Amino acid sequence: MFKIAIIGSGYIAKQHAEVISKFKDAKLVAIINPNPRNAKKIADQFACNYYSDLAGAFAAEKMDVVDICVPTYLHEEYVVEAADLGCHVLCEKPVALSIDSYDRMVKACADGNVRFMVAQVARWWPEFVTIKEYLQNNQLGNLRMIYEKRLCQLPDWSNWHSDPEKSGGGLYDLNIHDIDFLMSVFGKPDTVYAVGWQTEREAWMHVATSLAWNTGLKAVVETSLQMEGDWPFSVEFRATGSEGTLHYEFTAGVNILDAEPTSRFTMYPKDSDAMEPSVPAIDMFESEIREFLDSIKEEREASVTIAQVREVLQVIEATQKSLETGEVIKL
Ligand SMILES: NC(=O)c1ccc[n+]([C@@H]2O[C@H](COP(=O)([O-])OP(=O)(O)OC[C@H]3O[C@@H](n4cnc5c(N)ncnc54)[C@H](O)[C@@H]3O)[C@@H](O)[C@H]2O)c1
């Protein structure tokens with residue numbers, strides 16, 4: 001039985017707690033947060049203990065896994081502390097705001113001989129699981145162009161997202177989902193070029209990036225973490241190839257949880273009628289955390305590998321350089 005502690009008690013911590021509480025081979029033993037306000041409430045809701053700090057929680061609970069769900073700028077200190085205590089570490093995305101910071105986390109986990117996975121949950125978004133299969137099985141023929149988008153308002157449940165020192169802005173916080181997804185299918189692109197909008201605090205909030213691979217594949221990814229008005233949380237994916245076009249559109253409420261989402265997922269084959277692809281009946285958070293626990297049990301690296309996450313951060317850093325210089329950046 002895995003004993004799991006969650007650090008943080010905000011939006012994503014609640015999603016993880018819901019899932020962990022359903023697993024038969026895991027038990028949520030602690031919610032950790034120096035601020036007891038929400039944390040005690042969530043600990044009560046999930047029948048586990050509240051602690052103000054990680055060392056105190058470990059002394060009492062001796063958990064095997066620590067799940068880090070705090071604002072991004074706090075990830076490194078908790079990953080290092082958890083690894084030093086000998087706990088396996090699941091850490092929310094974006095794992096870090098620099099490669100140097102990520103390398104320190106990886107070293108701490110290697111030194112502590114513990115497993116480390118970054119929670120790139122979009123890889124388990126059910127339609128994206130199907131999209132990945134279409135792409136990997138060449139069901140679209142020779143790929144001509146990919147377009148991917150993720151646009152939302154500034155989250156209204158926190159105030160740290162707009163601070164680039166804390167969240168990295170939309171470039172890190174949201175864009176990383178789509179860059180990670182594309183790279184999990186096609187590997188590292190060879191060049192990136194980006195245009196975008198920056199706030200007065202110099203956070204890149206709305207970014208459009210073109211990625212090109214030496215294979216000839218090209219993709220455009222558009223991300224915004226600061227849409228105004230009632231703009232709904234929306235995601236789109238379109239891949240066009242010689243054998244047809246695969247298209248997915250998802251629209252939720254102003255925040256992702258606000259309203260029943262609507263979506264359309266369609267394959268337009270070149271020589272036959274449009275059809276709706278089948279989608280696995282999975283919960284993305286459950287699948288993500290399941291993968292991490294299985295990787296610990298099976299003593300293997302999780303499918304979100306240490307090397308892949310580093311390459312994604314390299315692409316994000318290159319995108320930032322392109323935004324700042326206006327140049328195409330070679331990777
Ligand atoms: N995978 C996804 O789809 C997804 C979605 C949202 C957020 N996230 C990521 O999850 C992380 C948390 O985001 P969120 O939206 O849940 O933020 P949030 O603001 O809702 O929650 C953060 C929590 O951390 C707590 N906290 C602050 N300082 C702390 C400290 N020093 N020690 C312990 N707890 C502390 C806060 O009190 C709060 O409970 C971020 O890295 C974010 O990018 C991922």
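Basis of the calculations
Residues numbered from 1 in each chain as written. Predicted model: local features only at pLDDT ≥ 70, side-chain atom pairs only at ≥ 80, totals over all residues. Pairing = 2+ DSSP bridges. Helix = DSSP H or I, 4+ residues; strand = E, 2+ residues; numbered from the N terminus. Axes fitted to C-alpha atoms, helices over the stretch in contact; angles between N-to-C directions. Contact = placed C-beta atoms within 7 Å. Near = placed C-beta within 6 Å. Nonpolar A, V, L, I, M, F, W, Y, C, P; charged D, E, K, R; others polar. Expected span 1.5 Å × (residues − 1). Buried ≥ 20, exposed ≤ 12 C-beta atoms within 10 Å, placed from the backbone. Arc of directions from axis to C-beta. Core = buried A, V, L, I, M, F, W, Y, C linked by C-beta atoms within 7 Å. Domains from an automatic or database assignment.

Draft legend 1. Inspection of the sheet that holds strand S4 (residues 65–68) at higher detail. The sheet built from six strands is open, its strands ordered S3-S2-S1-S4-S5-S6 with parallel pairing. At either margin of the open sheet sits one strand with a lone partner, and together these are strand S3 (49–51) and strand S6 (116–119). Pairwise comparison of adjacent strand axes, ignoring direction, gives a mean angle of 25° for this sheet. Sheet topology places strand S1 (residues 2–7) next to S4; four bridges connect them, and they run parallel. If you follow Ile7 over to S4, its bridge partner there is Ile68. Taken strand by strand, helix H3 (residues 54–61) contacts S1, strand S2 (26–32) and S3, and its axis lies near 145° from that of S2.

Draft legend 2. Seen up close, the site of the ligand. Near the ligand you find 24 residues, and of these Gly8, Gly10, Ile12, Glu92 and Ser158 are the closest. Of all the elements, helix H1 (residues 11–20) adds the most residues to the shell around the ligand, at three residues. Among the residues forming the shell around the ligand, the class breakdown is 13 nonpolar, eight polar and three charged.

Draft legend 3. Seen up close, helix H5 (residues 99–111). Its 13 residues give H5 an end-to-end C-alpha distance of 18 Å, which sits within 8% of 18 Å, the value for a rise of 1.5 Å per residue. Those residues of H5 lying buried are Tyr102, Met105 and Cys109. For H5, the arc enclosing every buried residue in end-on projection is 60°, short of the 170-degree limit, so these residues lie on one face. Opposite the buried face of H5, by more than 90 degrees, sit the exposed residues Asp100, Lys107, Ala110 and Asp111. Structurally, H5 contributes buried residues whose contacts are with helix H4 (75–84), strand S5 (88–92), S6 and helix H11 (306–325). Just downstream of H5 lies Asn113, where phi reads positive at about 55°.

Draft legend 4. Region of interest: the nonpolar core. Grouped together as the largest cluster of nonpolar side chains are 92 residues, with contacts concentrated most on Ala5, Ile7, Ile68 and Val89. Per-element tally for this core: the top contributor is H11, with seven residues. Looking at which domains feed residues into this core, each of domain 1 (2–119) and domain 2 (122–282 + 313–330) supplies at least three. Those residues within four positions of Ala5 in sequence are excluded, and the remaining contacts are Val29, Ala30, Ile32, Ala57, Glu61, Met63 and Val66.

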